[in-house]
Amino acid sequence: MSGQNAVRSPSGWRRYRLLWVGGLLVALVCLAALCAPWVTPYSPYDLDVADMLQAPSATHWLGTDEIGRDVLSRTVFAARISLQVGLVAVAVGLFGGLLIGVVAGYWGGLLDLALMRAMELLFSFPAILLAIVLMAVLGTSILNAMVAIGIIFIPGFARLARVSTQKVLRQSYIDAARTIGMADARILQREILPNVMTPLLVEAMTAFAYAVILESSLSFLGLGAQPPEPSWGNMLSTGRGFMAQAPWLAIVPGAALFVGVLGFNLLGDGLRDFFDPRMKD
Amino acid sequence: MLRLIVVRLAWFVPTILVTSMVLFLAVNVIPGSAAKAALGIDATPQAIARFEHELGLDRPLYVQYFEWLAKVLQGDFGTSFQNRVPVGPEILARLPVTLELALLAFLIANLIAVPLGAFAAYHHQRPVDTVISAIATLFGAIPTFWMATLLILLLGMTLRWLPAGGYVPFADNPAMNLRLLLMPALSLGVVSSALLLRIMRAEMIEVLSSDYIRTAFAKGANPSIVIWKHALRNSLIPFLTVGAVEFGWLFGGVVIIEDIFLLPGLGSLVLVGIINRDYPVLLSSVLVITVVVLTLNLVVDLLAAVLDPRQVYARSEQ
Amino acid sequence: MQEQIRPRRRLDSPPVLAVDNLSVQLQTRQGTARVVDGVNLEVWPGEIVGVIGESGSGKTMTALSVLRLMPQVARIVGGDIRLSGTSLPSLSDAQMRKLRGNRMALIPQDPLSALNPVQPIGRQVGEPFVLHRRSRWQAALQQAVRLLGAVHLPLPETRAAEYPHQFSGGMRQRAMTAMALALEPDLLIADEPTTALDVTIQAQVLRLLGEIRDEHATAILLITHDLGVVAESCDWVYVMYAGRIVEEGPVGRLFAHPSHPYTQALLNATPSIELAQTELAAIPGRIPSPYEIGPGCRFADRCAQRLARCAQEPPLLPVAAEHLARCWLLEESRG
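Model, not experiment: these values are computed from the prediction.

**Quick word on the packing of aromatic side chains**
Turning to step 1, where the next piece is worked out: Tallying each qualifying case throughout the model produces 14 aromatic pairs over all chains.
Turning to step 2, where the next piece is worked out: With a centroid separation of 5.9 Å and 55° between ring planes, the pair formed by Tyr-16 of chain A and Phe-274 of chain A is classed as tilted. Taken together, the positions of Tyr-16 of chain A in helix 2 (residues 13–39) and Phe-274 of chain A in helix 10 (residues 248–275) put the pair 258 residues apart, joining distant regions of the chain.
Turning to step 3, where the next piece is worked out: Here Phe-274 of chain A and Phe-275 of chain A contribute two aromatic rings whose centre-to-centre distance is 5.3 Å and whose plane-to-plane angle is 80°, an arrangement assigned as edge-to-face.
Turning to step 4, where the next piece is worked out: Phe-274 of chain A gets classed as partly exposed once you look at its relative accessible area, which sits at 34%.
Turning to step 5, where the next piece is worked out: Among the aromatic residues, ring-to-ring pairing joins Phe-24, Tyr-65, Phe-66 and Trp-68 of chain B into one connected group.
Turning to step 6, where the next piece is worked out: Across from the ring centre of Trp-137 of chain C, 4.3 Å away, lies the NZ or CZ of Arg-123 of chain C, which sits over that ring.
Turning to step 7, where the next piece is worked out: Directly above the ring of Phe-167 of chain C sits Arg-159 of chain C, whose terminal nitrogen or CZ lies 5.5 Å from the centroid.

So, in structure tokens, the structure goes:
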């Protein structure tokens, strides 16, 4: 009754703080990725052996790595890999899941059963393990990492798409549409898709955060982005070897990763509250 | 209850079979790759053909699969390409390390998540709740390997409280074993606790708003009796179902954590298998981890069912 | 309809429950809602008192305020509640806990959701003995079996070990009643105890409440929207509308001579307010939102007999001995 108004009335900061903070962090990461060549003081690849393992200073704000590359520049450039992998992987998962989920939810029956059992199977694999096996099979490259991570997301999106499809199907106007002879394709396009997309897009933010973690995990293990290409994961991995002399090498890329993941998580939470205030705790 | 166990088991066995099939196909789908991995990139086609014939790799895949499956069921996991030793004993030796790490991490995650989640739920929409939820959000955004790095920097190198890597079997030296596993388990457990805490809090908020909680208060019960005796078990039922999935994720993190802390478990064996392109090793270690995860999922699922009399008595009602 | 009126005021004892000018407000982001506004009511020993009103009238909030079990956003902003002379709002939470389930108990609306699904019935019914009398669980379970037998539950020993989902609706409400009765409270608050039950079971539960009153002289506050329930079981009735008591009196008297237009509208055709609401909906206007209550009579918007002076809210005016109604018409008719 009064719930709707009670939640909606205070405008601005308090109500949308998750959206604001999340959006700000995500914008920061996106900006870093887009403007990397213009905002970084050094090239991420230029090495300078004379300057290796320098502590943070006025010339190198976040220090230099084991072969004298500027850590700040590499960290900023690494945002590109993370976002690229995130975008492609989430797109693969979203469209794969959408297709499977809507088909299963719309036609139901044996097809539904078979598809969803397969999804359940895929879902019960530990995600990182699945990604690792896929990488081992597909071969180590950043493109394969995108596909492998995308495949992991398919079951989650498929479940969500199926539930949302079934929810829409229970509405009486769908029966009405069928009665007046509207074709399946048209019902799917006009009624189902718009209603299914909202929860899927909200979920996409959370998946994006997870994609960033998975990409950096793979790169950390040497299965994702290959040196000298900077990625937060492989930077952290090299940095581990110099923790006594140069702890910033492990701290900085991890912090960047943390900011990116936090941003997408908050944005996801914020969007969920925004679209479904009743779900807000 | 019996019915429930039968149904779950009936689903469990084919799941594992299909999993094994998928894994086997995935690893064997690239022709000649096994031979190349074993013989080196510049092996002659004749050498490859001979190698494949010796190992029976030139036969149809399904024949190979069933042969492999039959052997695996007898405990024969094949021979490593790399050093020509049987994989089975290696797996057996490494399994306890991984199990101990995962269980310890899961324990830590729950010790953080359950009390804090319940506490936050009881103080729903008050400052304590906001603070706990915010901390959970922050922890949830930390990748396990960064958490491990930070812990090593802090507890290992700066404070020198804990050794930063290595392994001693529990039987040899229990205290040292636990000291060595504490940091890896913390890295996994603290990160996993974030999601579990959010689930616990949400379930607890839902339960605390239900009528039977009001009944408990109406009887004059104090908040701690209400939470621990009336609300906890009801929250645990959905919590465990979701928690089982998180347990799977936690197991995936084991690969990285074992690598970082130099633990001789199944996770590091997976990496050995990948780096050496040693397919019998890779296939067996991944299969065993997956079976362990699925088994633990099953156990947790059944545990959730045992907690719920509506499911235990489901059959007698029909 | 029972015409016999029980002796309401016994001079040797105070009422079991006296609610005195009670006001309860909800503080939400939307503002302040006056959900209970200056309510007076009394329940005397051995008396069943009905509070009738539609959802949103404030009847349940009044009952929950007595037990201090209202939702967190609700706050008592004025007035007093006395249990056998003890003022409740000034008690600490710990002191309130000693009274709840002990000297006053609640029978809730929906017995299925009010029973813990994962605990056996016997354990739940016996718990008050553990909480208030420091009984051991074994002794408490024996008490639970005795109580379940006392509320006419067949096979109480077997049933005590069962879970709520194995009970029928009527059995659950008996179990809830047994739980509330456990320590023989002075005051029983029954919040729509029959709403979730079908008609034959309703009658059984009401008969049970009557028995309890007769045997233990328990005072019972019965919250309901069902006029039939009031007619069948209550001695005294308060009619609530938009947080106010608009009419009160002995049941027989009030049903024979309803004096507030709202009560009249209710009694006109239908046995239940939920049904009556559909008819009331035909009347123009709506129930005022508790967030925006003006100075006038709260029913004025939809009252066919509205007068100019209804812009000012009337006090409770006497209709007859012990019968009051909040309506200017009473003065008009008297000239």
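Now that the structure has been shown, we can carry on.
**Focus on the interface of chain A and chain B**
Turning to step 1, where the next piece is worked out: The interface of chain A with chain B comprises 39 residues on the first partner and 47 residues on the second.
Turning to step 2, where the next piece is worked out: Roughly 3700 Å² of surface becomes buried between chain A and chain B when both sides are summed, with 79% attributable to carbon and sulfur atoms.
Turning to step 3, where the next piece is worked out: Our count for the chain A to chain B interface comes out at one salt bridge.
Turning to step 4, where the next piece is worked out: Remark: the boundary between chain A and chain B carries four residue pairs in polar contact (both at pLDDT 80 or more).
Turning to step 5, where the next piece is worked out: Breaking the side of chain A that touches chain B down by element, the ones donating at least two residues are helix 4 (109–124), helix 5 (127–138), helix 8 (184–220) and helix 10 of chain A.
Turning to step 6, where the next piece is worked out: By residue number, the principal contributor to the side of chain A that touches chain B is helix 10 of chain A, which donates 11 residues.

**Side note on the domain arrangement of chain B**
The parts lose accessible area when they come together, and the size of an interface is often stated as this lost area.
Turning to step 1, where the next piece is worked out: Domains assigned within chain B are domain 1 (34–76) and domain 2 (93–316).
Turning to step 2, where the next piece is worked out: Computed over C-alpha atoms, the centres of domain 1 of chain B and domain 2 of chain B are 39 Å apart.

**Comments concerning the sheet that holds strand 1 (residues 17–28) of chain C**
All names here are of chain C.
Turning to step 1, where the next piece is worked out: Strand order across the open sheet formed by four strands is 2-1-4-5, with antiparallel pairing between neighbours. With partners counted over all chains shown, the strands left at the sheet margins are strand 2 (31–43) and strand 5 (86–87), one partner each.
Turning to step 2, where the next piece is worked out: Against the sheet, helix 1 (residues 59–67) engages strand 1, strand 2 and strand 4 (74–83), with an angle of about 105° to strand 1.

**Here we look at the pairing of strand 1 of chain C**
Residue and element names in this part refer to chain C.
Turning to step 1, where the next piece is worked out: Sheet topology places strand 1 next to strand 4; eight bridges connect them, and they run antiparallel. What sits directly across from Ala-18, in strand 4, is Arg-82.
Turning to step 2, where the next piece is worked out: Taken together, the nine bridges between strand 1 and strand 2 define a ladder with antiparallel strand orientation. From the neighbouring strand, Gln-25 faces strand 2, where its bridge partner is Arg-34.
Turning to step 3, where the next piece is worked out: Remark: two residues form the turn of the hairpin made by strand 1 and strand 2, two consecutive strands paired antiparallel.

**Points about the pattern of salt bridges**
Turning to step 1, where the next piece is worked out: Here the structure, examined in full by the defined rule, presents 26 salt bridges over all chains.
Turning to step 2, where the next piece is worked out: With its nearest N and O atoms 3.8 Å apart, the salt bridge here joins Asp-65 of chain A to Arg-74 of chain A.
Turning to step 3, where the next piece is worked out: Here Arg-162 of chain A ties to Asp-112 of chain A by a salt bridge, and the two come within 2.6 Å at their closest N and O atoms. Taken as a pair, Arg-162 of chain A in helix 6 (residues 142–169) and Asp-112 of chain A in helix 4 lie far apart in primary sequence, 50 residues in all.
Turning to step 4, where the next piece is worked out: Connected through salt bridges with shared partners, the residues Arg-34, Asp-37, Arg-244, Arg-298 and Glu-313 of chain C form a single ionic network.

**Description of the packing of helix 8 of chain A against helix 9 (residues 232–239) of chain A**
Residue and element names in this part refer to chain A.
Turning to step 1, where the next piece is worked out: Between helix 8 and helix 9, whose axes approach to 7 Å, the crossing angle comes to 40°. The orientation of helix 8 relative to helix 9 falls into the category oblique. The handedness of the crossing between helix 8 and helix 9 comes out as right-handed. When helix 8 is examined against helix 9, the residues Val-212, Ser-216, Ser-219 and Phe-220 are found in contact with a partner set consisting of Trp-232, Gly-233, Asn-234, Leu-236 and Ser-237.

**Some details on the side chain of Glu-258 of chain B**
Residues and elements named next belong to chain B.
Turning to step 1, where the next piece is worked out: For Glu-258, the position within the fold is in helix 10 (residues 223–260).
Turning to step 2, where the next piece is worked out: We note that Glu-258 is buried and unpaired, the nearest opposite charge coming from Arg-94 at a distance of 5.8 Å.
Turning to step 3, where the next piece is worked out: Within the structure, the side chain of Glu-258 is placed 2.7 Å from the side chain of Thr-98, a separation counted as a polar contact.
Turning to step 4, where the next piece is worked out: Not counting the four nearest positions on each side in its chain, Glu-258 is found in contact with Thr-98, Leu-101, Leu-263, Gly-265, Leu-266, Gly-267 and Ser-268.

**Notes on helix 11 (residues 266–275) of chain B**
Residues and elements named next belong to chain B.
Turning to step 1, where the next piece is worked out: With eight of its 10 residues buried, helix 11 lies for the most part within the structure.
Turning to step 2, where the next piece is worked out: When we look at burial in helix 11, the residues that qualify are Leu-266, Gly-267, Ser-268, Leu-269, Val-270, Leu-271, Gly-273 and Ile-274.
Turning to step 3, where the next piece is worked out: Directly after helix 11, the chain includes Arg-277, whose backbone phi takes a positive value near 50°.

**Concerning the sheet that holds strand 11 (residues 317–320) of chain C**
All names here are of chain C.
Turning to step 1, where the next piece is worked out: Ordered by their spatial adjacency, eight strands build an open sheet running 6-7-8-3-9-10-12-11, and the pairing between neighbours is mixed. Every other strand in the sheet has two partners, leaving strand 6 (104–107) and strand 11 as the edge strands with one partner each. In this sheet, neighbouring strand axes are inclined to one another by 20° on average, regardless of whether the strands run parallel or antiparallel.
Turning to step 2, where the next piece is worked out: In the sheet, strand 9 (residues 236–241) pairs with strand 10 (residues 244–250) via six bridges, with the strands oriented antiparallel. Residue Tyr-238 lies in a different strand from strand 10, and its bridge partner there is Glu-248.
Turning to step 3, where the next piece is worked out: Across the sheet, helix 7 (residues 169–181) lies against strand 6 and strand 7 (187–191), angled at about 175° from strand 6, the strand it touches most.

Definitions and cut-offs
Residues numbered from 1 in each chain as written. Chains lettered and ligands numbered in written order. Predicted model: local features only at pLDDT ≥ 70, side-chain atom pairs only at ≥ 80, totals over all residues. Heavy atoms only, no water. Phe/Tyr/Trp six-rings, centres within 6.5 Å; stacked < 30°, edge-to-face > 60°. Helix = DSSP H or I, 4+ residues; strand = E, 2+ residues; numbered from the N terminus. Buried < 20%, exposed > 50% of the residue type's maximum accessible area, 1.4 Å probe, protein only. Lys NZ or Arg CZ within 6 Å of the ring centre and 35° of its normal. Contact = heavy atoms within 4.5 Å. Buried area = accessible area lost by both parts, 1.4 Å probe. Salt bridge = Lys/Arg side-chain N within 4 Å of Asp/Glu carboxyl O. Polar contact = N/O pair within 3.5 Å; in protein donor to acceptor, adjacent residues only side chain to side chain. Domains from an automatic or database assignment. Pairing = 2+ DSSP bridges. Axes fitted to C-alpha atoms, helices over the stretch in contact; angles between N-to-C directions. Parallel < 35°, antiparallel > 145°, perpendicular 65-115°, else oblique. Left-handed = near helix turned anticlockwise from the far one by under 90°. Lys, Arg positive; Asp, Glu negative; His and termini not counted.

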